[in-house]
Amino acid sequence: MNAIRRILPFLLSLAALTLVSPRVPRAWELTPQGLQLVPLPASFELLEIPKQADLNIDGLPETLRLADGHLAILSGTQAVWQSPEAWRVAQAAFNDLNRDGTPEVTLLVWRPFRPWPVDAWLPHGGRISEFHDAEGQSCHLILIGWKRGIYRELWAGSALAEPLRAFAAADFNADGKEELAALEAAYDDPPSAAASRLKVWEWNGFGFSAVYSLEGRFRQMQIVRGTDGRVMILSP
């Protein structure tokens, strides 16, 4: 019964999509050869997204509150960290993408574009000058966690060349470590447009490296686990 409750919202969303699109759900598995299209499993369950995590290792779990583009990390009912006013947080989740054994919060953030400071004096600067939308907003992936007694940015990426529509973290290749799956679009795409790329990233010790990329049209994605334990990415 619990498995049915977990999968029901996704099945309903898939059913709604089929009313306006002939596309059926597809499943991909991460293999040594890349993202491979595999038969849709007859039985599977949605991979549960953690609703809480002990970020500062004090024995008390923290939770997240995301509303109107603003994120708060809560300890009980008290906000112990809040996103800056200039940020629009589109998605947030507990993960351990930097693979240090301690959970952190992964944020998908839109904020005013800032060029690299070094570009001001390099003879061929401006290498990321186009990485923003018409309103001057750029897309970033940011990790927030507990370090040296406070909540802070553990890692913040530069403006992404292709903005993300959504992300999900899971151990896709059964190596005991989380990878990052993301749907990428273009800055000049309208909000209603499908994402044009499914990409998997992994932590390299200093940031993220893209390991596999798949071109196509992707409206949404869900991470599922089959009865045989395989983790797959589902998308209509």
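Residues numbered from 1 in each chain as written. Predicted model: local features only at pLDDT ≥ 70, side-chain atom pairs only at ≥ 80, totals over all residues. Heavy atoms only, no water.

1. Quick word on the sheet that holds strand β10 (residues 150–156)
Worth spelling out the cut-off: At least two bridges found by DSSP between two strands is the condition for calling them paired. Secondary structure elements follow DSSP: runs of H or I of four or more residues count as helices, runs of E of two or more count as strands, with numbering from the N terminus. Axis lines are fitted to C-alpha atoms, over the contacting stretch for helices. Their N-to-C directions set the angle, which ranges from 0 to 180 degrees.
Pairing in this open sheet of 4 strands is antiparallel, and the strands run β7-β8-β9-β10 from one edge to the other. At either margin of the open sheet sits one strand with a lone partner, and together these are β7 (88–95) and β10. When the angles between neighbouring strand axes are averaged without regard to direction, this sheet yields 30°. One ladder, built from 7 bridges, connects β7 with strand β8 (residues 104–112); its direction is antiparallel. Each bridged residue has a counterpart across the sheet, and for Val89 the counterpart in β8 is Val109.

2. A look at the side chain of Asn95
Selection criterion: Within 3.5 Å is the distance limit for a polar contact, defined as a pair of N or O atoms, with the added protein rule that one can donate a hydrogen and the other accept it, and that residues adjacent in sequence qualify only through two side-chain atoms.
Here Asn95 is to be found in strand β7. At 3.0 Å, the side chain of Asn95 forms a polar contact with the side chain of Thr106.

3. Comments concerning the sheet that holds strand β12 (residues 179–184)
Spatial strand order, β11-β12-β13-β14: 4 strands in an open sheet with antiparallel pairing. The open sheet terminates on both sides in strands that have one partner only, identified here as β11 (164–170) and β14 (208–218). Here the average twist between neighbouring strands, direction ignored, is 20°.

4. Topic: the packing of aromatic side chains
Threshold: Aromatic rings from Phe, Tyr and Trp, taking only the six-membered ring of Trp, are treated as a pair when their centres fall within 6.5 Å; an angle between ring planes under 30 degrees marks them as stacked, one over 60 as edge-to-face, and anything in between as tilted. Any residue under 20% of the maximum accessible area for its type is buried, any over 50% is exposed, and the rest in between are partly exposed; the area is computed with a 1.4 Å probe on protein chains only.
Applying the stated criterion to the full structure yields 7 aromatic pairs. Seen from their ring centres, Trp81 and Trp87 are 6.3 Å apart, and the 55° between their planes marks the pair as tilted. Here Trp81 matches Trp87 in class, with each residue buried. These aromatic residues form a ring-pair network of at least three members: Trp155, Trp203 and Phe208.

5. Examining the nonpolar core
Proteins that are soluble and globular tend to have nonpolar side chains buried together. Worth spelling out the cut-off: The criterion is simple. A nonpolar core is a set of buried Ala, Val, Leu, Ile, Met, Phe, Trp, Tyr and Cys residues joined through side-chain atoms within 4.5 Å. Any two residues whose heavy atoms approach within 4.5 Å at even a single point are treated as in contact.
Within the largest apolar cluster, 17 residues are counted, with the highest numbers of intra-cluster contacts made by Cys139, Leu141, Leu164, Phe167, Leu180 and Phe208. Of all the secondary-structure elements, those providing two or more residues to this core are β8, β9 (137–147), β11, β12 and β13 (195–203). With near-sequence residues (within four places) excluded, Phe167 lies in contact with Gln91, Ala92, Ala93, Asn95, Thr106, Leu107, Leu108, Leu141, Leu180, Ala181, Ala182 and Met221. Counting 16 residues, the second largest nonpolar core, distinct from the first, contains Leu30, Ala168, Phe218 and Ile233.

6. Examining the confidence of the model for the chain
To keep things clear, this is the line we draw: Note on scores: pLDDT gives the predictor's confidence for each residue, bounded by 0 and 100.
Model confidence for the chain is summarised by a mean pLDDT of 88, while 86% of its residues fall at 70 or above. Of the regions scoring below 50 in pLDDT, residues 2–6 engages in 4 contacts with residues more than four places distant in sequence or in other chains. Between residues 12–21, whose pLDDT stays under 50, and residues either more than four places distant or in other chains, the model counts 6 contacts.

7. Topic: the pairing of strand β6 (residues 78–82)
Sheet topology note: the strand β5 (residues 70–75)/β6 ladder contains 4 bridges and is antiparallel. Within β6, the residue paired with Ser75 across the bridge is Gln78. Counting the residues that bridge the hairpin from β5 to β6 gives 2 residues, and of these Gly76 lies at a positive phi of roughly 70°.

8. Side note on the pattern of salt bridges
Keep this limit in mind: Put simply, a salt bridge is a Lys or Arg side-chain nitrogen that is within 4 Å of an Asp or Glu carboxyl oxygen.
One pass over the full model with this rule turns up 6 salt bridges. A salt bridge links Arg197 to Glu215, with the nearest nitrogen and oxygen atoms 2.9 Å apart. In this pair, Arg197 is assigned in strand β13 and Glu215 in strand β14, connecting sequence segments 18 residues apart. Overall, the relative accessible area of 16% leaves Arg197 in the buried class. Taking relative accessible area as the criterion, Glu215 reaches 54% and is therefore assigned exposed. Arg230 is the salt-bridge partner of Asp228, the closest N and O atoms lying 2.7 Å from each other. In this structure, a network of salt bridges that share partners links the residues Glu184, Arg197, Lys199 and Glu215.

9. Details of unusual backbone geometry
The phi torsion at Asp68 lies on the positive side, around 55°, for a residue other than glycine. Inspection of the secondary structure puts Asp68 in the loop between β4 (62–67) and β5. For Asp68, a relative accessible area of 78% corresponds to the exposed category. We note that Ala174 has phi near 60°; this positive angle belongs to a residue other than glycine. Note on placement: Ala174 falls in the loop between β11 and β12.

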